[in-house]
Amino acid sequence: MRVLLFDIDALRPDHLGCYGYRRPTSPTLDAVAAEGLCFNRYYCANSPCLPSRMSFASGRFGINNGCCSNIWAGAKFHIRHRPYGGPYPENEMLPRSLRRAGMDTIGFSNFPDRHSAAWFMCGWSEFHSPNLKCGGETAQEVNDAVLPWLKVNAARDNYLLYVNYWDAHRCYKMDPSWGDPLRGHPVTQRWPDDAAIAAHQHIPGPFTASLQFTDHKSPFPLMPDAVTNRADFEHMITGYDTAIRYVDHHLRIILDEFERQGLMNDTAVIITSDHGDAFGEHGIYSDHVCADECVHRVPLIVRWPGVTGPGRRCDDLLYNVDLSATLCEMLGAAIPAAWDGASFAAQLRGQPAVGREYLVWDHGTYAVQRAVRTRRHLMVRTYDDKGYPFRPVALYDMEQDPYQTRDLSEALPDIVATCDSMLNHWLQEQRAKHGVEADPLELVVAERRRRALPDETK
């Protein structure tokens, strides 16, 4: 069995045709989804880039693996090692677990270089940095590294190939002509309107409406200098959609190579992302600074020959750590005992399964937040707002208010209390697992406070 795993940075599912988007951003992804299964409620356990990928690779939540941020105290991945080398068996990373089951694991990604995350490469059969651009590389440059490997190795059996594209992450640098297929297809998202955008003009902080670039001038044709009105917003959305279309085209080239070699009948295709992006939610435009729904909800499309039927959908609440466990089960590997993920192989097979009642996720790079997501509500607790106007606790009805514009925490205190009970229960479960290790989110807050104190030695 071969598995192709595409990781497209900063990809929102609601900008893909297979998730209901009306603009033609994703013909290749849509075609894969038509032959497989789309997951509607799939979320990263930690955001942004580094903690999300470390959760997936380790099978563990950030509170247990040490990573809840891209930097400093929240980016210290910890994994227990034997005194004379190698991790304890129950504590292995996903690539090692798959290799124990006879699967080669091959990665093409500049992520470890971008985030100084060398541990992400532990246990792979092969790991390739496409170049030295640290996430600034284009999808074409990634393909330039992947395609020669495929021409020689694609027909091998029993491997997982991980390919990481960054183009949908700001800034959108491709030639604007890649957006030509979008002409005649207007932006259909009605929110934010001009009134909402006007209200966002005085929100402080990076990636807000008025502070897109530090010198207030965009060097990229597909990105506006600032978001001052609806026209600027649609300009930015078209840039993002163009980036998705660009990645979609280059992903098609990889699939075409498998088709050319006659391998697709025995090749699973998985398409997902590390996190999403905000486009107006809480006044943030084109980045990911908090634990919002738009940042944590990511696409998951799975086409697994002989397993997933055509055009199916799953509404269960799932984490990205669940994908790690699922890959182990589907590929005959033991799921390490210390992992937090639960396999959803039953859902892939179309069998009855019980999903999670709720999810808990967090963000520690800009705002420091932890959130509880039930099927209807999202409660967010803020421990450090980083200067953004987040309240200590907020509650949103995600069915009635998908852009999180109305805080219901005061109107619905009983639901807040229920979510808090869920959060406390989850925290106790995790503390029982990680023992003496500190909650990395608490370490981030403590470090920020230390850095903010005046230096009394001077």
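All of the points below concern the structure found in this document. In this text, all values refer to a predicted model and were calculated from it rather than measured experimentally.

1. A few points about the environment of Asp-225
Within the secondary structure, Asp-225 sits in the loop between helix H7 (194-199) and helix H8 (230-260). Taking the C-alpha atoms as reference points, Asp-225 and Thr-214, 11 residues apart in sequence, are found 9.9 Å from one another. Other than its neighbours up to four places away in sequence, Asp-225 contacts Gln-212, Phe-213, His-216, Lys-217 and Ser-218. Reaching out from Asp-225, the side chain makes a polar contact with the backbone nitrogen of Ser-218 at a distance of 2.8 Å.

2. Concerning the sheet that holds strand E8 (residues 267-272)
One open sheet accounts for eight strands, arranged E6-E5-E7-E1-E8-E11-E2-E12; its pairing is mixed. Each end of this open sheet is capped by a strand with a single partner; those strands are strand E6 (126-128) and strand E12 (312-314). Here the strands of the sheet are splayed against their neighbours by 15 degrees on average, with no regard to which way each runs. Pairing of strand E5 (residues 104-108) with E6 involves three bridges; the strand directions are parallel. The residue bridging Ile-106 from the neighbouring strand is Glu-126, located in E6.

3. Focus: empty space enclosed by the protein
Going through the model one piece at a time under the given rule, you end up with two cavities of 30 Å³ or more. Considering only enclosed or pocket space, the largest cavity measures out at about 110 Å³ in volume. Contributions of two or more residues to the lining of the largest cavity are made by strand E1 (2-8), helix H2 (49-58) and helix H10 (320-330). Its residues assigned to classes, the lining of the largest cavity comprises five nonpolar, four polar and three charged.

4. Structural notes on the layout of surface pockets
Each pocket or cavity is described by its volume, and for the largest pocket that value is around 400 Å³. Residue lining of the largest pocket: 18 residues in total, with Asp-14, Glu-293, Arg-297, Met-398 and Pro-402 positioned closest to the centre. Each residue belonging to the lining of the largest pocket can be placed in one class, and the counts come to six nonpolar, one polar and 11 charged.

5. With respect to the packing of helix H1 (residues 27-34) against H8
Viewed as axis vectors pointing N to C, H1 and H8 meet at an angle of 55 degrees, and their least axial separation amounts to 7 Å. Our classification of the angle between H1 and H8 gives oblique. Note on element contacts: H8 touches H1 through Arg-245, Asp-248, Leu-251, Arg-252 and Leu-255, opposite Pro-27, Thr-28, Leu-29 and Val-32. In terms of residue class, the contact of H1 with H8 is made up of five nonpolar, one polar and three charged.

6. Description of the side chain of Ser-58
Assignment of secondary structure puts Ser-58 in helix H2. Apart from the residues lying within four places of it in its own chain, the contact partners of Ser-58 are Asn-65, Phe-77, Glu-92, Met-93 and Trp-339.

7. Section: the pairing of strand E7 (residues 159-165)
For E7, the tally of buried residues reaches seven of seven residues, placing the bulk of the element in the interior. Examined bridge by bridge, E1 and E7 share seven bridges and lie parallel to one another. Across the sheet, residue Asp-7 finds its bridge partner in E7, namely Asn-164. Note: E5 against E7, five bridges, orientation parallel. Looking at the pairing, Ile-106 lines up with Leu-161 of E7.

Procedures and definitions
- Residues numbered from 1 in each chain as written.
- Predicted model: local features only at pLDDT ≥ 70, side-chain atom pairs only at ≥ 80, totals over all residues.
- Heavy atoms only, no water.
- Helix = DSSP H or I, 4+ residues; strand = E, 2+ residues; numbered from the N terminus.
- Contact = heavy atoms within 4.5 Å.
- Polar contact = N/O pair within 3.5 Å; in protein donor to acceptor, adjacent residues only side chain to side chain.
- Pairing = 2+ DSSP bridges.
- Axes fitted to C-alpha atoms, helices over the stretch in contact; angles between N-to-C directions.
- 1 Å grid on protein atoms, 1.4 Å probe; cavity = no way out; pocket = protein on both sides within 12 Å on 5 of 7 lines; lining within 4 Å.
- Points joined across faces, edges and corners; volume = space filled by probe spheres on them.
- Nonpolar A, V, L, I, M, F, W, Y, C, P; charged D, E, K, R; others polar.
- Parallel < 35°, antiparallel > 145°, perpendicular 65-115°, else oblique.
- Buried < 20%, exposed > 50% of the residue type's maximum accessible area, 1.4 Å probe, protein only.

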